[in-house]
Amino acid sequence: MSVKIRRIGNSNALTVPSNIKPMAQEFDVFQGRDGMIVYVPKKYQNPFHDEAFIESHDLSQDEEFGGKLIGKEIPKD
């Protein structure tokens, strides 16, 4: 599926195909270095800043070689 950019007044517009049902009415838009255009729902909340999400999930991780992360790893010189 692809869409084309259309010129509307002084703006460019991308249409949303009818088989995509948007879950929001307002979006933030970003363009990456590679030209990728990303639309993010305006009401999106970062789950890692949500206290209820943090309390309901186990966010602990094990190192690949074993043991818990402690956040004070000392780099070897």
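Residues numbered from 1 in each chain as written. Predicted model: local features only at pLDDT ≥ 70, side-chain atom pairs only at ≥ 80, totals over all residues. Heavy atoms only, no water.

K.L.:
Looking at this structure, I do not really get the overall build of the protein chain. What am I missing?
P.N.:
Across its full length, the protein chain carries one helix and four strands. Order of helices (α) and strands (β) in the protein chain, N terminus to C terminus: β-β-β-β-α. Scored against the burial criterion, the 77 residues of the protein chain give a buried share of 1%. The contacts in the protein chain between residues at least 6 apart in sequence include a share of 2% that link residues at least 24 apart. Taken as a whole, the protein chain presents about 8,000 Å² of accessible surface, with 54% of it coming from carbon and sulfur. (Helix = DSSP H or I, 4+ residues; strand = E, 2+ residues; numbered from the N terminus. Buried < 20%, exposed > 50% of the residue type's maximum accessible area, 1.4 Å probe, protein only. Contact = heavy atoms within 4.5 Å. Areas by Shrake-Rupley, 256 points an atom, 1.4 Å probe, with all protein chains shown as cover.)

K.L.:
What am I meant to see in the environment of Lys21 here?
P.N.:
Looking at the secondary structure, you find Lys21 in the loop between β2 (11-14) and β3 (27-31). For Lys21, the side chain forms a polar contact with the main-chain oxygen of Ser18, separated by 2.8 Å. (Polar contact = N/O pair within 3.5 Å; in protein donor to acceptor, adjacent residues only side chain to side chain.)

K.L.:
Please clarify how the pattern of salt bridges should be interpreted in this entry.
P.N.:
Between side chains of opposite charge, pairing is possible as soon as their charged atoms come close. In total, this model carries one salt bridge according to the counting rule given. With a closest N to O distance of 3.1 Å, Asp28 and Lys42 form a salt bridge. Separated by 14 residues along the polypeptide, Asp28 in strand β3 and Lys42 in the loop between β4 (37-41) and α1 (51-56) bring together distant segments of the chain. (Salt bridge = Lys/Arg side-chain N within 4 Å of Asp/Glu carboxyl O.)

K.L.:
Help me understand the pairing of β3 in this model?
P.N.:
Along any regular strand the residues' side chains alternate between the sheet's two faces. Bridging between β3 and β4 involves five bridges; their strand directions are antiparallel. Pairing of Phe30 across the sheet is with Val38, part of β4. Joining the antiparallel neighbours β3 and β4 is a turn of five residues, in which Gly35 adopts a positive phi near 90°. (Pairing = 2+ DSSP bridges.)

K.L.:
How should I be thinking about the packing of aromatic side chains in this particular structure?
P.N.:
By convention here, two paired aromatic rings are described through the distance between centres and the angle between planes. Under the definition given, this model contains two aromatic pairs. Centre to centre, the rings of Phe27 and Tyr39 are 6.5 Å apart; their planes meet at 85°, and the pair counts as edge-to-face. Within this pair, whereas Phe27 is found in strand β3, its partner Tyr39 is found in strand β4, the two being separated by twelve residues in sequence. Residue Tyr39 is classed as partly exposed on the basis of its relative accessible area, which comes to 46%. Centre to centre, the rings of Phe48 and Phe53 are 5.8 Å apart; their planes meet at 85°, and the pair counts as edge-to-face. (Phe/Tyr/Trp six-rings, centres within 6.5 Å; stacked < 30°, edge-to-face > 60°.)

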